[in-house]
Amino acid sequence: MTSRVAAAVNAAAEQGRGAFVGYLPLGFPDLQTSIDAAVALAENGADILELGPPYSDPVMDGTVIQEATQAALAGGFRLRDTFTAIREITRRVDVPVLVMTYWNPVVQYGVDRYADDLLAAGGAGLITPDITPEAGQEWIDASRRTGLDRIFLAAPTSSDERLRLIVENSTGFVYTVSTMGITGERAELDAAARILVGRLRAQGAQHACVGIGISTADQVAGVLGYADGAIVGTALVRALRDGGLEGLARTTRALVAGTRPSTG
């Protein structure tokens, strides 16, 4: 089956730019606003949406995202709300929607049931930060059956053997971790990201998108000098928190400007 996510990355490349992947937590500051925020991301230039159902132990996420997800849980978010939100978002905008989820909620819900409900809601696939390909056969089987994308993470510390395994089992793109640590804004991106993308290419990766620490248009542009896409989360969550939907829209437009080659 054709990967909708890969198609979006390819479409951006055909326009002479890199892809912009925007992350927001579902349920923050409330469910309907999070839906409207995802739509605003797409309407202001995001090529792919990455949405995170709130989780009680977000080990990969920094303070800004943790606070947002805890607020969403306190507001009564339930796992089934994930599919309600995606259904409305995909009805309003034609942009692939990925779910960034820790693995325990998927297991508790039922892997095949989760895949079926995600597909029915119009979702495009999962980003799974805390499961590896060798431990994820049930999800690999379900994603092959449904045609959903499965996006595993590659880290600077990964061996070439592990990178090969990740590339062989990922579809859409490989989530390329820019630096070791949690999500958040960083003044300088780790040079390890550039090296890691090169190593992934050597293992056959067709699409590599870099995330963690990207918070400015200049950083987006820098990453897209060697990668296929840039993933931004914390800066968008902060914009939504501090400026509402209008603040989010402004920040998204500013960041997306970094995906286009400079004409200067």
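Conventions used here
Throughout, a residue's number is its position along its own chain's written sequence, starting from 1. Owing to the predicted nature of the model, reporting of local features is limited to residues with pLDDT of at least 70; listing and counting of side-chain atom pairs is limited to 80 or more, with chain, interface and lining totals taken over all residues. Hydrogens are left out, water is left out, and the side-chain values use all remaining heavy atoms of the structure. Paired strands are those between which DSSP finds at least two bridges. A run of DSSP states H or I qualifies as a helix once it reaches four residues; a run of E qualifies as a strand once it reaches two. Both are numbered from the N-terminal end. We call two residues contacting when some pair of their heavy atoms lies within 4.5 Å. Here, axes are lines fitted to C-alpha atoms. For helices the fit covers the stretch in contact, and angles between N-to-C directions go from 0 to 180 degrees. Throughout, exposure labels follow a simple rule: accessible area from a 1.4 Å probe, protein chains only, divided by the maximum for the residue type, with under 20% read as buried, over 50% as exposed, and the rest as partly exposed. Side-chain rings of Phe, Tyr and Trp, where Trp is taken by its six-membered ring, are said to pair if the distance between their centres is within 6.5 Å; with planes under 30 degrees apart they count as stacked, over 60 as edge-to-face, and otherwise as tilted. Working rule: Lys NZ or Arg CZ, within 6 Å of ring centre, within 35 degrees of ring normal, means a charge sits over the ring. One speaks of a salt bridge when a side-chain nitrogen belonging to Lys or Arg is within 4 Å of a carboxyl oxygen belonging to Asp or Glu. The length a helix should cover is 1.5 Å for every residue beyond the first. One axis fitted to the seven residues ending at a residue, another fitted to the seven starting there: the angle between these axes is the bend at that residue. Under the rule applied, a polar contact is a pair of N or O atoms within 3.5 Å (in protein, one hydrogen donor and one hydrogen acceptor; residues adjacent in sequence only if both atoms are side-chain atoms).

A.B. asks: I would appreciate a short explanation of the sheet that holds strand β1 (residues 19–25) in the present structure.
C.D. replies: Spatially, β5-β4-β3-β2-β1-β9-β8-β7-β6 is the arrangement adopted by the 9 strands of the open sheet, whose pairing is parallel. Of all strands in the sheet, those bounded by a partner on one side alone are β5 (149–151) and β6 (153–154). Sheet analysis places strand β7 (residues 174–177) next to strand β8 (residues 208–211), joined by 4 bridges and oriented parallel. Bridge assignment links Thr176 to a residue of β8, and that residue is Val210. This element, helix α11 (residues 234–256), spans β1 and β9 (229–232) of the sheet and lies at about 175 degrees to β1.

A.B. asks: Is there a simple way to explain unusual backbone geometry in this structure?
C.D. replies: It is generally the case that most residues other than glycine have a negative phi and that most peptide bonds are trans. Residue Pro29 is bonded to the preceding Phe28 through a cis peptide linkage, with omega at -5 degrees. If you trace the backbone, Pro29 turns up in the loop between β1 and α2 (31–43).

A.B. asks: Just to check I follow, could you spell out the pairing of strand β3 (residues 97–100) for this structure?
C.D. replies: The two faces of the sheet receive side chains in turn, since in a regular strand these alternate between them. Burial along β3 is two-sided: Val97 and Val99 facing one way and Leu98 and Met100 facing the other are all buried. Both strand β2 (residues 48–52) and β3 contribute to a ladder of 3 bridges, which runs parallel. Residue Glu50 lies in a different strand from β3, and its bridge partner there is Leu98. When β3 meets strand β4 (residues 125–127), the two strands line up parallel, connected through 3 bridges. Looking at the pairing, Val99 lines up with Leu126 of β4.

A.B. asks: What am I meant to see in the packing of aromatic side chains here?
C.D. replies: Aromatic ring pairs are described here by two measures, namely the spacing of the ring centres and the angle between the planes. Considering all chains together, one arrives at 3 aromatic pairs under this definition. Taking the centre distance of 5.3 Å and the plane angle of 40 degrees together, the rings of Phe83 and Tyr109 count as tilted. Of the two residues, Phe83 sits in helix α4 (residues 80–92) while Tyr109 sits in helix α5 (residues 103–109), which places them 26 residues apart along the sequence. Tyr109 matches Phe83 in its accessibility class, with the two residues each being buried. Each member of the aromatic cluster is reached from another via a ring pair, and the members are Phe83, Tyr109 and Tyr114. Here the basic side chain of Arg113 rests over the ring of Tyr109, its NZ or CZ set 3.8 Å away from the ring centre.

A.B. asks: Quick question: what am I supposed to make of the pattern of salt bridges here?
C.D. replies: Pairing between side chains of opposite charge can happen when their charged atoms approach one another. Following the criterion strictly, the structure yields 9 salt bridges and no others. For Asp47, the salt bridge is made with Arg17, and the minimal N-O distance between the two is 2.7 Å. Of the two residues, Asp47 sits in the loop between α2 and β2 while Arg17 sits in the loop between α1 (4–14) and β1, which places them 30 residues apart along the sequence. Arg17 shares its class with Asp47; the two are buried.

A.B. asks: I keep staring at α11 and nothing clicks. Help me out?
C.D. replies: For an α-helix the count is 3.6 residues per turn, leaving residues at separations of three or four pointing the same way. Its 23 residues place the ends of α11 only 15 Å apart at the C-alpha level, less than the 33 Å of an ideal helix rising 1.5 Å per residue. Roughly 140 degrees is the biggest bend found in α11, and it falls at Gly243. Within the sequence span of α11, burial applies to Thr234, Ala235, Leu236, Val237, Ala239, Leu240, Gly247, Leu248, Ala249, Thr252, Leu255 and Val256.

A.B. asks: Would you mind showing me how to read the side chain of His207 here?
C.D. replies: Residue position: His207 is located in the loop between α9 (192–202) and β8. Classification of His207 by relative accessible area gives buried; the value is 9%. For His207, the side chain forms a polar contact with the side chain of Asn10, separated by 2.8 Å. A polar atom in the side chain of His207 sits 3.4 Å from the backbone oxygen of Gly172. If near-sequence neighbours (up to four positions away) are discounted, His207 is found in contact with Ala6, Val9, Asn10, Gly172, Phe173, Val174, Arg201 and Asp228.

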